[in-house]
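Read off the chains here:
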Amino acid sequence: VELQASCLQDTSVKDKIELLKSASRSLLLHCIEIRKQASLLPEDLKSISDIPPLAATSEFQTCSQYTPSRTLNIPVHEIGANLEIIELHTYTGAWNANTVYGQDIRELEALKCVKLQTLEELDVTLDKVRELLVKCGNMGIELRSNVYAWDLGGLKSTIRSLKSLDALLPYSKVDFLLIELSNPANWVPVIQSLPATVKKLDLDRMNIDVSGLCELSRLTGLEWIGLSGVELTNPADWVQVIQSLPATVRKINLFSTNIDASGIRELSRLTYLEEIILYGIDLRNRSGWVSVIQSLPAMVRKINLTSTNIGVSGLRKLPRLTHLEEIKLCGIDLGNRSSWNFVMRVLPATVKKLDLSYTNIDTSELCKLSRLVGLEEIKLMGVSLTNPDDWVLVLQFLPVTVRKISLDWTNIDDTGLRELSRLSSLEEMDANN
């Protein structure tokens, strides 16, 4: 349930809460979200505790917007004794530590995690987190702060504050989506200041250079690294960068980077790697994909090759990934439609999710999906068969294990759609346009 209030609405939050009360006999409330706007006052929330189903509430969210002069003062002890998660969003710095982080929280014995999201200065936020940690002991804290910082001094101060919490905070994610440094070389001291406990690091679209990226070797517990859109001055330097990554990395996002084949081949040393995103990678030599796929760790379960220039020879090497469960081939153009025949014959039988959207695959090749006896999800958006009547045949060959199918923007007709009735496990279908 989401409650909103603003001066433009003709009913107050109190009126809406009364409506909830009247419907409480048929309403099972698991999550309530309150967006605090111009006319919503803290006292408006107190009557929430009178809604009977909230005894089973598992999550409570607040969002404070456009109210810099007000304080977000939530009477958490009145919301529900069985709360497991409280999520607090503020874009104004309007947190009241005495109430939200005070004795009230300790009365919620079922509380497992407090999630905080803010756009205010992170140093200020962390002072409040310290207070919360002192009052709440070892309860889990998840902090996501989108910090605007364009100068090295301010950013180093922020990261230094994070490091001071290293011993207290079960900190796992640092998100740099909104950080930009004027000098790429300044990333070196920034990465050096990160807590060694960081497991997830997002550097998407950052102007970080090779020297900064090589400092990632310090993060000995790193499991997830996002490098989408990062372009190095010399693409050959990606070899050094990948060599510097901790062996613990399980997922890497290289979407739209300028990494070359030699850099991707270095992923072979990441023996725990489970998911690789190579979306949009365009190798200068298309034949280089053969050695790239051959070099990938055998434990890889998910691979995203959307809009790459991989060819048949590269795709035919996928069977060596014996644990592969998800393949995304969206937008791949093999030229001749019949080329898909060679690919579909060798796809690993372990595949559960397959995306062939916006490819030029045709009927005979799609009928080979029957090989994938454990297939659960198939995306065929934008696929146009030479003969629209052939969709009947294609759907007849789909494994009955399919739970989700996407047929948006295809040339399937009602006769083809009726064949979906044989998919006894089908739970979700998209067939827009």
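Rules used throughout
Residues numbered from 1 in each chain as written. Predicted model: local features only at pLDDT ≥ 70, side-chain atom pairs only at ≥ 80, totals over all residues. Heavy atoms only, no water. Helix = DSSP H or I, 4+ residues; strand = E, 2+ residues; numbered from the N terminus. Buried < 20%, exposed > 50% of the residue type's maximum accessible area, 1.4 Å probe, protein only. Salt bridge = Lys/Arg side-chain N within 4 Å of Asp/Glu carboxyl O. Phe/Tyr/Trp six-rings, centres within 6.5 Å; stacked < 30°, edge-to-face > 60°.

Enquirer: Please explain unusual backbone geometry as it appears in this structure.
Expert: Excluding glycine, most residues fall at negative phi; most peptide bonds, likewise, are trans. The phi dihedral of Ser-256 falls on the positive side, at around 55°, and the residue is not glycine. Following the sequence through the fold, Ser-256 ends up in the loop between strand 10 (251-253) and helix 9 (261-265). Residue Trp-409 is not a glycine yet carries a positive backbone phi of 60°. Along the chain, Trp-409 turns up in the loop between strand 16 (404-406) and helix 15 (414-418). The class for Trp-409 is exposed, based on a relative accessible area of 54%.

Enquirer: Explain the pattern of salt bridges to me, please; I cannot follow it from the model alone.
Expert: A side chain with one charge can pair with a side chain of the opposite charge if their charged atoms come near. By the definition in use, this model includes nine salt bridges. Residues Glu-274 and Arg-250 are paired through a salt bridge, measuring 3.1 Å at the closest nitrogen-oxygen approach. A residue pair is termed long-range when its members are at least 10 positions apart, and Glu-274 in the loop between helix 9 and strand 11 (275-277) and Arg-250 in the loop between helix 8 (238-244) and strand 10 qualify at 24 residues. Note on Arg-250: relative accessible area 33%, which makes it partly exposed. Here Arg-337 and Asp-362 are joined by a salt bridge, their closest N and O atoms 2.8 Å apart. Residue Arg-337 is located in the loop between strand 13 (326-328) and helix 12 (339-344), and its partner Asp-362 is located in the loop between strand 14 (353-355) and helix 13 (363-366); the two are separated by 25 residues in the primary sequence. Take Asp-362: its relative accessible area is 14%, and that puts it in the buried class. A network of salt bridges, in which partner residues are shared, links Arg-250, Glu-274, Arg-301 and Glu-325.

Enquirer: Mind showing me how you'd approach the packing of aromatic side chains here?
Expert: To describe a pair of aromatic rings, you give the distance between the ring centres and the angle between the ring planes. A full pass over the atoms with the stated rule returns one aromatic pair. Ring centres of Phe-255 and Tyr-279 lie 4.5 Å apart, and the angle between their planes is 75°; this geometry places the pair in the edge-to-face category. In this pair, Phe-255 sits in the loop between strand 10 and helix 9 while Tyr-279 sits in the loop between strand 11 and helix 10 (288-295), placing the two residues 24 residues apart along the sequence. For Phe-255, a relative accessible area of 31% puts it in the partly exposed group.

That is the geometry; function is a separate question.
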